[in-house]
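Listed here are the chains, written in short residue letters.
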Amino acid sequence: MQTGKAQQHPSFFSLPDTTIPARVAMLSGATAVVYGSSLVALNAAWYKGYPKSSFHFFNDIHEWNQMDKMGHIFSAYFIGKYSREAWRWSGLPRKEQIWIGGLSGFAFQSVIEVLDGYSSEWGFSWSDMAANTIGSALLISQELAWNEQRIQIKFSSHLQSYDDPVLRDKARQLFGGSLPERILKDYNAQTYWLSVNVHSFAKTSNWPRWLNVAIGYGAEDMLGGTDNFWTDNQGMLHDYSHIRRYRQFYLSPDIDFTKLRTKKKGVKVLFQVLNMIKFPAPTLEINSKGYMKLHALYF
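A brief report on the enclosed structure follows. Note that the structure is a prediction, hence the values are computed from the model and not measured.

1. Let's talk about the overall build of the chain
Counting its secondary structure elements, the chain contains 8 helices and 8 strands. Scaling as 2.2 N^0.38, a compact globule of 299 residues should have a C-alpha radius of gyration of about 19 Å, and the chain matches this with 21 Å. Based on the C-alpha atoms only, the size of the chain along its principal axes is roughly 70 × 45 × 30 Å. Looking at the 299 residues of the chain, the share that counts as buried comes to 41%. Intrachain contacts of the chain at a sequence separation of at least 6 include 71% that bridge at least 24 residues. Separation between the mean location of the 31 positive side-chain charges and that of the 25 negative ones in the chain comes to 13 Å.

Shown next as structure tokens:
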């Protein structure tokens, strides 16, 4: 059993743990600029073309088999994670670094939720706020307890093909046509993972320190928020309810890149970025259709 004071987890900035007001001011200013410009860009890309409305609420807990909620958890977690890493550089006391950095993801996602509240297409969603809270809480609680992330949230996505011309057109309307849009918006192609670093829980074992076990969740054959029929702009009804929407559960090995030893700072930063992505690997799938599949390589 370890005793004594917890050791400070090394930042990939690798600078002294001494509070420097200039660094605090620099990080505060940089955070404001990045968040502000991101919100401006998001407002132009996501909300442009949709009419505004008075602030209102919207209950979307039953939509998209909760894949959108997984996206909120992931976003809040990783925005907070990178912000927390940056705040190590400030030299502020450890708990202040954790709370300021960790809550950054929640704060950013909350502003987006307020913007949703003023859009006639969406609305302020309490379930989205709950997902934001879960993402930030997972980050903060682990930092406070262990000063490291033993359980990480990761993301993977692949291009989903839609052979039917009607479905292809519907997918383009829902998820966009460019590769970045399809990766970020097509819930049918996304998987979210809880990646557990086993060695962190059993430090005296021979388990490789970089080898994780990941549990994933996805969903497929979703052509709308809650059902698979819709009316197009010409007033024609398309009923694809024969396509059954289903959930997918995965088990797969993974790599924790931050556990790979290197003395190069640039490589450490790269590993931190790579660690948000689930590494392609053999994967067992069990889905709500009652089928079990073994993927030789799944991403």
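2. Quick word on the sheet that holds strand β1 (residues 151-157)
Taken in spatial order, the 6 strands line up as β1-β2-β3-β6-β7-β8 in an open sheet, and their pairing is antiparallel. Each edge of the sheet is formed by a strand with only one pairing partner; in this case those strands are β1 and β8 (292-298). Strand-to-strand, the axes of this sheet are offset by a mean angle of 25 degrees, without reference to chain direction. In the packing of helix α2 (residues 67-88) onto the sheet, the strands contacted are β1, β2 (190-197) and β3 (211-220), and the crossing angle to β1 comes to about 120 degrees.

3. Here we look at the packing of α2 against helix α4 (residues 126-146)
The geometry of α2 relative to α4 is characterised by a closest axis approach of 8 Å and an angle of 40 degrees between their N-to-C directions. The handedness of the crossing between α2 and α4 comes out as right-handed. Contacts between α2 and α4 involve D68, K69, H72, I73, A76, Y77, G80, K81, R84 and R88 from the first element and S127, D128, A131, N132, I134, G135, S136, L138, L139, Q142 and E143 from the second. Of the residues assigned to the contact of α2 with α4, the class counts are 7 nonpolar, 7 polar and 7 charged.

4. Structural notes on the pairing of β8
Sheet topology note: the strand β7 (residues 281-287)/β8 ladder contains 5 bridges and is antiparallel. Following the sheet pairing, L284 is matched in β8 by L294. Count of turn residues in the β7/β8 antiparallel hairpin: 4 residues, of which G290 carries a positive phi of about 95 degrees.

5. Notes on the pairing of strand β6 (residues 246-255)
Where β3 lies against β6, 10 bridges are found, and the strand directions are antiparallel. Residue pairing across strands places A214 opposite S252, the latter belonging to β6. Where β6 and β7 come together, 4 bridges link them in antiparallel fashion. Along β7, the bridge assignment pairs L251 with L284.

6. Structural notes on a nonpolar patch on the surface
Residues F55, F57, V114, Y118 and W126 make up a contiguous nonpolar surface patch of roughly 540 Å² in combined accessible area. Position of Y118 among the secondary structure elements: in the loop between α3 (94-117) and α4. By relative accessible area, Y118 is classed as partly exposed at 40%.

7. Some remarks on the pattern of salt bridges
Tallied over the entire structure, the rule returns 13 salt bridges. Among the salt bridges present, the one from E85 reaches R88, with a minimum N-O distance of 3.1 Å. Of this pair, E85 and R88 both sit in helix α2, separated by 3 residues, roughly a single helical turn. Per residue, the accessibility class of E85 equals that of R88, and both read buried. With its nearest N and O atoms 3.5 Å apart, the salt bridge here joins E148 to K203. Of this pair, E148 sits in the loop between α4 and β1 while K203 sits in the loop between α7 (198-201) and β3, placing them 55 residues apart in sequence.

8. Remarks on the environment of F58
With respect to the element layout, F58 can be found in the loop between α1 (21-47) and α2. Judged by relative accessible area, which is 33%, F58 ranks as partly exposed. Separated by 68 residues in sequence, F58 and W126 place their C-alpha atoms 8.0 Å apart.

9. Describing the packing of α2 against α3
Interaxial distance between α2 and α3 falls to 7 Å at its minimum, and their mutual angle equals 145 degrees. Taken as a pair, α2 and α3 cross one another with a handedness that is right-handed. In this structure, α2 contributes H72, S75, A76, I79, G80, S83, R84, W87 and R88 to the contact, and α3 contributes R94, Q97, I98, I100, G101, G102, S104, G105, F106, F108, Q109 and E113. The residue makeup of the contact of α2 with α3, split by class, is 7 nonpolar, 10 polar and 4 charged.

10. Describing the side chain of N275
Among the structural elements, N275 can be located in the loop between α8 (265-274) and β7. Among the polar contacts listed, one links the side chain of N275 to the side chain of D256, at a separation of 3.0 Å. Residues within four places of N275 in sequence aside, it is in contact with F78, Q152, K154, I255, D256, F257 and T258.

Procedures and definitions
Numbering of residues begins from 1 in every chain and follows the order in which that chain's sequence is written. Given that this is a predicted model, residues contribute local features only at a pLDDT of at least 70 and side-chain atom pairs are listed and counted only at 80 or more, while totals for whole chains, interfaces and linings are drawn from all residues. Only hydrogens and water are set aside when side-chain values are computed; all heavy atoms of the structure are taken into account. Helix and strand definitions here come from DSSP, where helices need a minimum of 4 consecutive H or I residues and strands a minimum of 2 consecutive E residues; each element is numbered from the N-terminal end. Atoms considered for the radius of gyration are the C-alpha atoms alone. The globule rule reads 2.2 Å times the number of residues to the power 0.38. For every residue, the accessible area obtained with a 1.4 Å probe (protein chains only) is divided by the maximum for its type, and the residue is called buried under 20%, exposed over 50%, and partly exposed between those limits. Here, residues are in contact when the closest pair of their heavy atoms is within 4.5 Å. Positive residues here are Lys and Arg, negative ones are Asp and Glu, while His and the chain termini are left out of the count. The atom standing in for a charge is NZ when the residue is Lys, CZ when it is Arg, CG when it is Asp and CD when it is Glu. Between any two strands, pairing holds if DSSP finds at least two bridges. A fitted line through C-alpha atoms represents every axis, and for helices the fit uses only the stretch in contact; the resulting angles, taken between N-to-C directions, go from 0 to 180 degrees. When the near helix sits turned anticlockwise from the far one by under a right angle, the crossing is termed left-handed; a clockwise turn instead gives a right-handed crossing. In this classification, Asp, Glu, Lys and Arg are treated as charged, Ala, Val, Leu, Ile, Met, Phe, Trp, Tyr, Cys and Pro as nonpolar, and every other residue, Gly included, as polar. Any residue with relative accessible area above 30% and no salt bridge may belong to a patch, with like charges joined within 9 Å and the nonpolar Val, Leu, Ile, Met, Phe, Trp and Tyr side chains within 5 Å. All accessible areas in this document rest on Shrake-Rupley with a 1.4 Å probe, and a residue is counted as covered only by the protein chains that are shown. Salt bridge, as used here, is a side-chain nitrogen of Lys or Arg placed within 4 Å of a carboxyl oxygen of Asp or Glu. Distance and chemistry together define a polar contact, namely a pair of N or O atoms within 3.5 Å, with one atom able to donate a hydrogen and the other to accept it when in protein, and with adjacent residues in sequence counting only for side-chain atoms on both sides.

Taken by themselves, the reported measurements are silent on function.
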